[in-house]
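The residues making up each chain are set out below.
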Amino acid sequence: MDNRLFIFDTTLRDGEQVPGCQLNTVEKIQVAKALEALGVDVIEAGFPISSPGDFNSVIEISKAVTWPTICALTRAVQKDIDVAVDALRFAKHKRIHTGIGTSDSHIKYKFNSNRDEIIERAVAAVKYARRFVDDVEFYAEDAGRTDNEYLARVVEAVIKAGATVVNIPDTTGYCLPSEYGAKIKYLIDHVDGVDRAILSTHCHNDLGMATANTIAGVLNGARQVEVTINGIGERAGNTALEEIAMIIKSHHEIDIQTNINTQKIYPTSRMVSSLMNMPVQPNKAIVGRNAFAHSSGIHQDGVLKNVQTYEIIDPHDVGIDDNSIVLTARSGRAALKNRLAILGVNLEQEKLDKVYEEFLKLADKKKDINDDDILVLAGADRSQNHRIKLDYLQVTSGVGVRSVASLGLNISGEKFEACASGNGPVDAAIKALKKIVDRHMTLKEFTIQAISKGSDDVGKVHMQVEYDHQVYYGFGANTDIIAASVEAYIDCINKFKS
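For clarity, every value in this text was computed on a predicted model and none was experimentally measured. (Residues numbered from 1 in each chain as written. Predicted model: local features only at pLDDT ≥ 70, side-chain atom pairs only at ≥ 80, totals over all residues. Heavy atoms only, no water.)

**What to know about unusual backbone geometry**
Filter applied, for reference: Starting at the N terminus, helices and strands are each numbered in turn, a helix being any DSSP run of H or I of at least four residues and a strand any DSSP run of E of at least two. For each residue, the accessible area found with a 1.4 Å probe, counting protein chains only, is set against the maximum for its type, and the residue is called buried under 20%, exposed over 50%, and partly exposed in between.
Positive phi, normally seen in glycine, also occurs at I286, with a value near 75°. Relative to the assigned elements, I286 resides in the loop between α10 (265-275) and α11 (297-305). For I286, a relative accessible area of 11% puts it in the buried group. If you check the backbone angles, S412 has positive phi at about 55° while not being a glycine. You can see S412 is positioned in the loop between β10 (403-411) and β11 (414-422).

The structure is reproduced here in structure tokens:
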């Protein structure tokens, strides 16, 4: 069996379906270039028919990257495929990813159809897509809950129709690893012509088994894995690219190779986290802040005697540089530009100058500037064109006194001011904000995260605000956590549709 494992990254498609994680086209290109540098074989760039934004992103990503295959998602519908073909017209290597639900639940309730008709639709979609591209991937949605005998019929039919890759998704994250591995093996053993196509895994993490299921699939013959950076994705997320890459690298007995440059993992993880405003949990495998931290005395003693006592991965193998904090107020533009380039961010001179100005302001406030800080600065201009901007904020708070906030907003060039008291400084500031922006808004979620561990660190705030029966997602970052909270709330308001 071939020992080459293809990495199919769907951060820009499935990962971007996370509420509040939408990127603009420029940011998507930035991520796509980082994925190319990382060594990803296939980049799923979007679902072109779903929106003009997705359509344009597939076009621009196709222009921006050279060697990875660019993949566009469709349903088993001719119009979807036509739009995908148009979006892929500039791709050097192109793939159409089409498919349909195959579980009895999908067939009955989603399509009001029957098994034979689903196979007909699947075959028709693959044949139609093959008229335009040589590389067609078919997904059997909810394959995890599809009985193996019928799934084998579907897979055999689409391979005969011309599918070059067949995706076996555990769409609901329900399968046990032994069950999912057995499903892949059943297809390898029972599908006539299976050697003419690559079987692919696409596992969700609803029960925390995405990585285990993916590895079980690989051990049983799958040779493509569909993954995302940091495991982001709908609901509980997808299989994490970094986990699969490092499992393969660490377990030599598996004897499987990927094209991933693992030293690019950590900076790519940080860039995606920053651009998508999606914090990485501290104990996340491979890329979490605590992944290589040892607090137990027994662990510390063992690590000091021999690092392999408790560390099976060298932090440098995933791009974690113990000396990465090298920027201070005395660092010049060249040093900042170099560090951003290492993190996969390349800026035009005008944008670099603006980021450098903000960098100097931040450097005056805190001693050390880390990678996350400068990634926040590089993405901070997203609020430049917002209609509502924070002009100033002053808050008085303490123990035994009522918190009071005075706030000024610039709304389309017009200045507004308000004061309010509240149950704490953030509450007071938001109440002052609401006096100016008089809308019936409800704060649904409020999350604060320090990027590293210092008291002078930049704090990230994520908010969900409900307005007019819709939930909007906002983000703010500042060394002043109250200011970051207000900025996150304003970010939500700027996204209101009316």
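**Examining the packing of helix α2 (residues 52-64) against helix α3 (residues 78-87)**
Heads up, the rule is: Only the stretch in contact is used when a helix axis is fitted, and all axes are lines through C-alpha atoms; the angle between N-to-C directions ranges over 0 to 180 degrees. We call two residues in contact when some of their heavy atoms are within 4.5 Å. Residue classes follow a fixed rule: Ala, Val, Leu, Ile, Met, Phe, Trp, Tyr, Cys and Pro count as nonpolar, while Asp, Glu, Lys and Arg count as charged, and any other residue, Gly among them, counts as polar.
Direction vectors running N to C along α2 and α3 enclose 35°, while the axes themselves pass 8 Å from each other. Contacts from F55, V58, I59 and S62 in α2 reach V83, D86 and A87 in α3. For the contact of α2 with α3, the class distribution of residues is five nonpolar, one polar and one charged.

**Overview of the packing of helix α6 (residues 148-161) against helix α7 (residues 177-190)**
To be explicit about the condition: Put simply, angles under 35 degrees are roughly parallel, angles over 145 are roughly antiparallel, angles from 65 to 115 are roughly perpendicular, and the rest are oblique. In this scheme the handedness of a crossing depends on how the near helix is turned from the far one: anticlockwise by less than a right angle means left-handed, clockwise means right-handed.
Close contact between α6 and α7 brings their axes to 10 Å; oriented N to C, the two are set at 55°. With respect to each other, α6 and α7 are oriented oblique. Crossing of α6 over α7 shows right-handed handedness. Touching N148, E149, L151, A152, V155 and E156 of α6 are K183, Y186, L187 and H190, all from α7.

**Details of the environment of V85**
Note that V85 resides in helix α3. Separated by ten residues in sequence, V85 and R95 have C-alpha atoms that sit 9.0 Å apart. When sequence neighbours within four positions are dropped, the list of residues in contact with V85 reads I96 and F132.

**Things to note about α2**
What counts here: To estimate how far a helix should reach, multiply one less than its number of residues by 1.5 Å.
If you check α2, its first and last C-alpha atoms are 18 Å apart, about what 13 residues at 1.5 Å a residue would give, namely 18 Å. Buried residues of α2: D54, F55, S57, V58, I59, I61 and S62, and no others. Contact partners of the buried residues in α2: α1 (25-38), β2 (42-46), β3 (69-73) and α3.

**Concerning the nonpolar core**
For clarity, the cut-off: Among the buried residues, those of types Ala, Val, Leu, Ile, Met, Phe, Trp, Tyr and Cys that are joined through side-chain atoms within 4.5 Å form a nonpolar core.
Membership of the largest hydrophobic core comes to 115 residues, with the highest contact counts inside it found for F138, V155, V166, I168 and L336. It is α6 that contributes the most residues to this core, nine residues altogether. Once residues within four sequence positions are removed from consideration, F138 is found in contact with H97, T98, G99, I100, A122, V126, V154, V158, A163, V165, V166 and N167. The next biggest cluster of nonpolar side chains, apart from the first, holds 30 residues, and it includes I436, V437, V465 and A488.

**Remarks on empty space enclosed by the protein**
Selection rule: With a 1 Å grid spanning the protein atoms alone, the term cavity applies to any set of points in which a 1.4 Å probe fits but cannot get out, the term pocket to an open set with protein on both sides within 12 Å along at least five of seven lines, and the term lining residue to any residue with an atom within 4 Å of a point. Grid points are joined across faces, edges and corners, and a volume is the space filled by probe spheres set on the points.
A full pass over the atoms with the stated rule returns two cavities of 30 Å³ or more. Taken together, K337, L340, A341, V345, N346, L347 and L352 make up the lining of the largest cavity. If you add up the space inside the second largest cavity, you get close to 30 Å³. Lining the second largest cavity, in full, are L38, I229, L241, E242, I265, T268 and S269. Elements with a contribution of two residues or more to the lining of the second largest cavity: α9 (241-250) and α10. Looking at the lining of the second largest cavity element by element, the count peaks at three residues for α10.

**Some words on the UniProt feature "binding site: Mn(2+)" (unreviewed entry) in the protein chain**
Quick reminder of the rule: UniProt positions are given in the numbering used here, feature names are shortened, and annotations may be inferred rather than shown by experiment.
Under the UniProt annotation, "binding site: Mn(2+)" (unreviewed entry) lies at D14, H202, H204 and N238. These residues run over 225 residues, yet every pair of their C-alpha atoms falls within 10.5 Å of each other. H202 gets classed as buried once you look at its relative accessible area, which sits at 6%. Not counting the four nearest positions on each side in its chain, H202 is found in contact with T10, R13, D14, N167, I168, P169, D170, Y180, E226 and N238. Along the chain, H204 turns up in the loop between β7 (198-203) and α8 (210-219). By relative accessible area, which is 5% here, H204 ends up buried. Once you skip the residues sitting within four places of it in the chain, H204 turns out to touch D14, D170, T171, G173, A210, E234, R235, G237 and N238.

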